[in-house]
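The residues making up each chain are set out below.
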Amino acid sequence: MRLLSAALLMVFSTAGALIVTAAPAHADACYTWSGTLAQGSSGEGVRQLQIRVAGYPGSGAVLGLDGVYGPATKSAVARFQAAYGLTADGIAGPATFAKLYALQDDDCTPVSFSYAELNNCNSTWAGGNVSAATAKANALVTMWKLQALRHALGDQPIRVTSGFRSAACNNAVGGASSSRHLYGDAADLGAGPHSLCTLAQAARNHGFAGILGPGYPDHNDHTHVDGRPSRFWSAPNCGVASLTGGLDPLRDN
């Protein structure tokens with residue numbers, strides 16, 4: 001059962017008077033931050049925060065998950081805060097963490113997506129081009145980017161039709177030998193509340209280095225997003241094309 005993630009009220013009695021205070025918000029079975037994180041902070045708490053705001057790097061950008069709270073992380077946190085009506089100061093404190101706790105399930109996946117959606121190939125995440133642990137970790141980052149995309153599009157459902165693939169699964173569907181699905185950081189999105197072009201266009205703002213969609217060979221029936229090392233966007237029917245040059249993640253070190 002998912003436990004409460006918002007701040008809990010604690011009641012004490014002092015000389016007959018009741019004193020109500022707020023206990024720190026906590027993430028229960030997932031990840032708990034302590035204190036406040038801001039520019040200059042570093043460590044695992046920052047990296048965990050970066051995973052969850054990876055969908056807010058700014059148009060055409062990718063946020064590095066390096067555990068260093070620099071200007072790029074501050075900007076991503078501020079965009080996340082603005083998206084949810086919080087004070088957009090780029091400082092991760094109790095209000096920001098409470099919102100993140102509310103957005104995640106006990107396995108740290110965002111509430112609107114699951115590991116099962118990102119892997120209909122096998123249950124082990126093995127057999128791809130990276131270790132099973134890496135593939136699953138990559139899928140988690142992809143899900144948080146998709147959560148940001150979903151929120152930007154009015155919190156309507158986004159349908160994932162393909163995620164991680166082992167080499168055998170990739171061969172069975174005729175995937176490219178270098179497919180990002182083999183790395184666990186790719187998702188194919190089907191039309192639903194949003195058109196394929198709407199998905200491709202909006203994905204440009206949410207940390208996806210790879211975007212392939214209508215007009216690109218074999219992508220007229222879905223929009224593909226991924227976390228490849230350098231930018232490649234091509235959805236000609238949607239007006240989506242790569243900017244000149246490559247793309248390096250915005251790392252803060």
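Analysis parameters
- Every chain is numbered independently, its residues counted from 1 as its sequence is written.
- Totals for whole chains, interfaces and linings use every residue, but because this is a predicted model, local features are given only for residues with pLDDT of at least 70 and side-chain atom pairs only at 80 or more, for both listing and counting.
- Where side-chain values are given, they derive from all heavy atoms of the structure, hydrogens and water being excluded.
- A side-chain nitrogen of Lys or Arg and a carboxyl oxygen of Asp or Glu constitute a salt bridge if their distance falls within 4 Å.
- Each residue's exposure class comes from its accessible area (1.4 Å probe, protein chains only) as a fraction of the maximum for that residue type: buried when under 20%, exposed when over 50%, partly exposed otherwise.
- Each helix is a run of DSSP H or I of at least 4 residues and each strand a run of E of at least 2, with the numbering of both proceeding from the N terminus.
- Residues adjacent in sequence count toward polar contacts only when both atoms are side-chain atoms; beyond that, a polar contact is any pair of N or O atoms within 3.5 Å, and within protein one must be able to donate a hydrogen and the other to accept it.
- In what follows, a contact means two residues having at least one pair of non-hydrogen atoms within 4.5 Å.
- In this analysis, strands are considered paired if DSSP registers two or more bridges between them.

Trainee: Explain the pattern of salt bridges here, please?
Mentor: Pairing is possible between side chains of opposite charge, provided their charged atoms come close. Evaluation of the coordinates by the stated rule reveals five salt bridges. Put simply, Asp226 and Arg228 hold a salt bridge, and the shortest N to O gap is 2.6 Å. Judged by relative accessible area, which is 0%, Asp226 ranks as buried. Residue Arg228 is classed as partly exposed on the basis of its relative accessible area, which comes to 21%.

Trainee: Even after reading the chapter, I still don't get unusual backbone geometry, so can you show me in this structure?
Mentor: Negative phi values dominate among residues other than glycine, just as trans dominates among peptide bonds. Despite not being glycine, Asp155 shows a phi value in the positive range, around 60 degrees. Relative to the helices and strands, Asp155 resides in the loop between helix H4 (132-152) and strand S3 (159-162). Accessibility expressed as a relative area gives 35% for Asp155, which makes it partly exposed. For Asp218, which is not glycine, the phi torsion reads 65 degrees and is therefore positive. Overall, the relative accessible area of 71% leaves Asp218 in the exposed class.

Trainee: Looking at this model, I keep getting lost on the environment of Gly128. Mind explaining?
Mentor: Looking at the element boundaries, Gly128 is found in the loop between helix H3 (94-103) and H4. Looking at Gly128, the relative accessible area reads 22%, which means it is partly exposed. Along the sequence, Gly128 and Tyr183 sit 55 residues apart, while their C-alpha atoms lie 6.2 Å from each other.

Trainee: Just checking my understanding: could you explain the side chain of Gln147 for this structure?
Mentor: Take Gln147: it is sitting in helix H4. Within the structure, Gln147 has its side chain in polar contact with the side chain of Ser112 (distance 3.2 Å). Every residue in contact with Gln147, bar those within four places of it in the chain, is listed here: Leu103, Pro110, Val111, Ser112 and Phe113.

Trainee: In this structure, what is going on with the sheet that holds strand S4 (residues 187-190)? I would like to understand it.
Mentor: Strands belonging to one sheet form pairs held by backbone hydrogen bonds; the direction of such a pair is parallel or antiparallel. Reading across from one edge, S3-S4-S6-S5-S7-S8 is the order of the six strands in this open sheet, with mixed pairing throughout. For this open sheet the edge positions go to S3 and strand S8 (240-241), each flanked by a neighbour on one side alone. With three bridges joining them, strand S5 (residues 210-212) and strand S6 (residues 223-226) adopt antiparallel strand pairing. Looking at S6, one finds that Gly210 is bridged to Asp226.

Keep in mind these numbers describe shape, not what the thing actually does.
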